[in-house]
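Fold and geometry: a report
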Amino acid sequence: QVQLVESGGGLVQPGGSLRLSCAASESIYSIGDMGWYRQAPGYQRELVVTITSAGSTNYANSVKGRFTVSRDNAKGTVYLQMDSLKPEDTAVYYCNMRVRLYRNGPIDDYWGQGTQVTVSS
């Protein structure tokens, strides 16, 4: 079964940067929309950004101008560059992909395991 493997989380000071990566564990047929979501303690999971197969993006207002999403279809990977990090960005970050594993197969949502991002002095 294909899994999404996340990396890049960690502890940074306010104003710092992190780059998150999320890669499919094996080759897949095609990928539709990708996205990043986050869940902070005591809060519901929220959208951070989505990116379509054509490259169109939709950012949450709270991260606009600070975060940048990109994708590499050949590698089955989505990235999240996070700059000017704030304490309120502290959360577990989850990647998401809409995946078709084989030709004419169903399109299913896949989720990463989550990676912790902590922004603190």
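Anything mentioned here points back to the structure above.
Residues numbered from 1 in each chain as written. Predicted model: local features only at pLDDT ≥ 70, side-chain atom pairs only at ≥ 80, totals over all residues. Heavy atoms only, no water.

1. Considerations on unusual backbone geometry
Phi is positive for Ser 84, which is not a glycine, with a value near 50°. Looking at the secondary structure, you find Ser 84 in the loop between β8 (77–82) and β9 (91–100). The exposure class assigned to Ser 84 is partly exposed, which follows from its relative accessible area of 42%. You will see that Asn 104, though not glycine, has its phi angle at about 65°, which is positive. Within the fold, Asn 104 resides in the loop between β9 and β10 (107–111). (Helix = DSSP H or I, 4+ residues; strand = E, 2+ residues; numbered from the N terminus. Buried < 20%, exposed > 50% of the residue type's maximum accessible area, 1.4 Å probe, protein only.)

2. What to know about the nonpolar core
As a rule of thumb, soluble globular proteins bury nonpolar side chains together. Core analysis: the biggest nonpolar cluster contains 31 residues, and Trp 36, Phe 67, Val 78, Leu 80, Met 82 and Tyr 93 have the highest contact counts within it. When residues of this core are traced back to their parent elements, those giving at least two are β3 (18–24), β4 (30–39), β5 (46–51), β7 (67–72), β8, β9 and β11 (115–119). Counting residues per element, this core draws most heavily on β9, at five residues. In contact with Phe 67, not counting residues within four places along its chain, are Arg 38, Val 48, Tyr 59, Leu 80, Gln 81, Met 82, Asp 83, Leu 85, Asp 89 and Tyr 93. (Core = buried A, V, L, I, M, F, W, Y, C linked by side-chain atoms within 4.5 Å. Contact = heavy atoms within 4.5 Å.)

3. Thoughts on the environment of Trp 36
Considering the arrangement of structural elements, one finds Trp 36 in strand β4. Residues Trp 36 and Leu 18, spaced 18 residues apart in sequence, show a C-alpha to C-alpha distance of 14 Å. Of note is the side chain of Trp 36, whose polar atom sits 3.3 Å from the backbone oxygen of Tyr 79. (Polar contact = N/O pair within 3.5 Å; in protein donor to acceptor, adjacent residues only side chain to side chain.)

4. With respect to the pairing of strand β1 (residues 4–7)
Every second residue of β1 is oriented toward a common face, the buried set being Leu 4 and Glu 6 and the non-buried set Val 5 and Ser 7. Here β1 runs beside β3; their pairing, made up of four bridges, is antiparallel. Each bridged residue has a counterpart across the sheet, and for Leu 4 the counterpart in β3 is Ala 24. (Pairing = 2+ DSSP bridges.)

5. A look at the packing of aromatic side chains
Scanning the model with the defined rule gives one aromatic pair in all. Ring geometry for Tyr 37 and Trp 111: centres 5.1 Å apart, planes at 55°, overall tilted. In this pair, Tyr 37 is assigned in strand β4 and Trp 111 in strand β10, connecting sequence segments 74 residues apart. Judged by its relative accessible area of 37%, Trp 111 falls in the partly exposed class. The ring of Tyr 79 carries Arg 19 above its face, with NZ or CZ at 4.1 Å from the centroid. Just above the ring of Trp 111 sits the side chain of Arg 45; from NZ or CZ to the centre is 5.0 Å. (Phe/Tyr/Trp six-rings, centres within 6.5 Å; stacked < 30°, edge-to-face > 60°. Lys NZ or Arg CZ within 6 Å of the ring centre and 35° of its normal.)

6. Some words on the environment of Gln 44
One can find Gln 44 in the loop between β4 and β5. Owing to a relative accessible area of 69%, Gln 44 belongs among the exposed residues under this scheme. Sequence-distant contacts of Gln 44, that is, excluding residues within four places in its chain, are made with Arg 38 and Gln 39.

7. A look at the side chain of Thr 90
Inspection of the secondary structure assignment puts Thr 90 in the loop between β8 and β9. At 2.9 Å, the side chain of Thr 90 forms a polar contact with the backbone nitrogen of Val 119. Once residues within four sequence positions are removed from consideration, Thr 90 is found in contact with Ala 40, Pro 41, Gln 116, Val 117, Thr 118 and Val 119.

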